[in-house]
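Residue-level structure breakdown
If you want the building blocks of each chain, they are given just below.
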Amino acid sequence: MTDIVSPTSGVTISKAPARRDIGIKRRYAAERRFQAYGIAAITFGLVFLFILLWTVIGKGYTAFQQTAITLPIEFTEKTIDPNNKRATDPSVLVAANYPILLREAIVKQLNINASSKPDVREATAMLSKSAPIQLRDMVVADPSLIGKTVNVSLLADANIDSANKGQIDLSVDEKNRKVNDKQVTWMNQLKASGALHKQFNTGLFVNGNSSRPEAAGLGVALIGSLYLMLIVLALSLPIGVAASIYLEEFAPKNKLTDLIEVNINNLAAVPSIVYGLLGLSVFINFIGLPRSASLVGGLVLTLMTLPTIIIATRAALRAVPPSIRAAALGLGASKMQMVFHHVLPLAMPGILTGTIIGLAHALGETAPLLLIGMVAFVANAPATPLEPSTALPVQVYMWANEAERAFVERTSGAIIVLLLFLIVMNMGAILLRRRFERRW
């Protein structure tokens, strides 16, 4: 503290520190600290998001390519239909010994001594075990192939595929890897001739589940997820919107409605596995709906999604200015007309956004689907929602538990597909909001 003498009156004046300036500096310092904390939190989240995406994409992008071996397959009548019975008994085409055709083709392509059984066995092992099924389907679909030689692109074995993609260290001793030196030599030989090559893995999107990684696909899971989302959308949107409109616009404000509101908010925080237990006990054990069916999964996910949609819809209805309601009623509209002709259209952006976010949340759920049996091994695509099926997150869970090395790649590839679905759905929510949004 300093003393100042007034030149006019001679009175001594004490000058205290400017406390107000000190307080302002403290507030500015606190604001800067808060901004630094916010930037650090965002940076922390972005770093972990980058690590997650880098890990998943780094391991999974190769799943969209598959190693194939093109061989000239001679569909000899002696092997497929030696007694020429296909005209009267088409089943002979299904029961034919197609592995012999593969063995003869690979031996001829690699110039292997056919009498050397170990070499023939190791060379044939380079082809996927699904290759005979591929030849069978070709002959059954077109019997005119019998007697012809056709170049066929066949899936390579999962280990050959991994080695070709550089996922197996070929510099280590062959005892410590699943691809031996002979197979590596044959791989290089086939690659030099152009017979071994990479192609887009269409099977990842059209094939069903399989115990062989190279033949496993997401076809059944994609169809099952589509059925689930259609069922959830068809049930949760109208029920959720109707319940929200009644509670917000028509229901009297009393203890009963307060209790309902509290329970809706509580249901939004219930763990998803509880809904799976509810679906198992009610829809499967009590009602008797088929286990592992998309219909049951859709009903369970509808129960889980409803609270989210109701909360989002009520918030959107509250956001509509009261003047809209007053103006509509003042011009002679009934309360029903006021709600459906004026309030609901203006609340539509928030409703659609909440619905799509709820659907995206339901698409990524695994626990409730496991409890109702959608974890079953399903190889054939379901024709209806009542047939056994699975879903994308469940398929990721199943592949993550497989012991084969190649399923690591498939798991990451499936996660990428699931993330793309979620990104598309969230982009749809943004576009719909911008399309219907009105500024006040």
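Note that the structure is a prediction, hence the values are computed from the model and not measured. (Residues numbered from 1 in each chain as written. Predicted model: local features only at pLDDT ≥ 70, side-chain atom pairs only at ≥ 80, totals over all residues. Heavy atoms only, no water.)

We now examine the UniProt feature "transmembrane region" (unreviewed entry) in the protein chain. Mapped onto this structure's residue numbering, the UniProt feature "transmembrane region" (unreviewed entry) falls at residues 34-57, 218-247, 267-289, 295-317, 338-363 and 413-432. Split by type, residues 295-317 is 100% helix and 0% strand. Its first and last C-alpha atoms lie 31 Å apart. For the annotated span residues 413-432, helix accounts for 100% and strand for 0% of the residues, and the straight-line distance between the end C-alpha atoms is 29 Å. (UniProt positions renumbered as here; feature names shortened; annotations may be inferred. Helix = DSSP H or I, 4+ residues; strand = E, 2+ residues; numbered from the N terminus.)

Below, the discussion takes up the pattern of salt bridges. With the rule as written, the count across this model stands at 10 salt bridges. Here D161 and K165 are joined by a salt bridge, their closest N and O atoms 3.1 Å apart. With relative accessibility at 14%, the residue K165 sits in the buried group. Residue R177 pairs with D181 through a salt bridge whose shortest N-O separation is 2.6 Å. (Salt bridge = Lys/Arg side-chain N within 4 Å of Asp/Glu carboxyl O. Buried < 20%, exposed > 50% of the residue type's maximum accessible area, 1.4 Å probe, protein only.)

Between helix 10 (residues 219-250) and helix 13 (residues 294-318), whose axes approach to 6 Å, the crossing angle comes to 35°. Considering the relative orientation of helix 10 and helix 13, their crossing is right-handed. (Axes fitted to C-alpha atoms, helices over the stretch in contact; angles between N-to-C directions. Left-handed = near helix turned anticlockwise from the far one by under 90°.)

So, about the domain arrangement of the protein chain. Once the domains are mapped, the protein chain shows domain 1 (69-199) and domain 2 (218-436). Inter-centroid distance (C-alpha atoms) of domain 1 to domain 2 is 46 Å. For the pairing of domain 1 and domain 2, the buried interface totals around 430 Å² over both sides, and the portion due to carbon and sulfur atoms is 32%. Across the contact surface, domain 1 and domain 2 share 1 salt bridge. The partner of K165 in a salt bridge is E409, with the nearest N and O atoms 3.1 Å apart. Across the side of domain 1 that touches domain 2, the residue classes break down as 2 nonpolar, 2 polar and 3 charged. (Domains from an automatic or database assignment. Buried area = accessible area lost by both parts, 1.4 Å probe. Nonpolar A, V, L, I, M, F, W, Y, C, P; charged D, E, K, R; others polar.)

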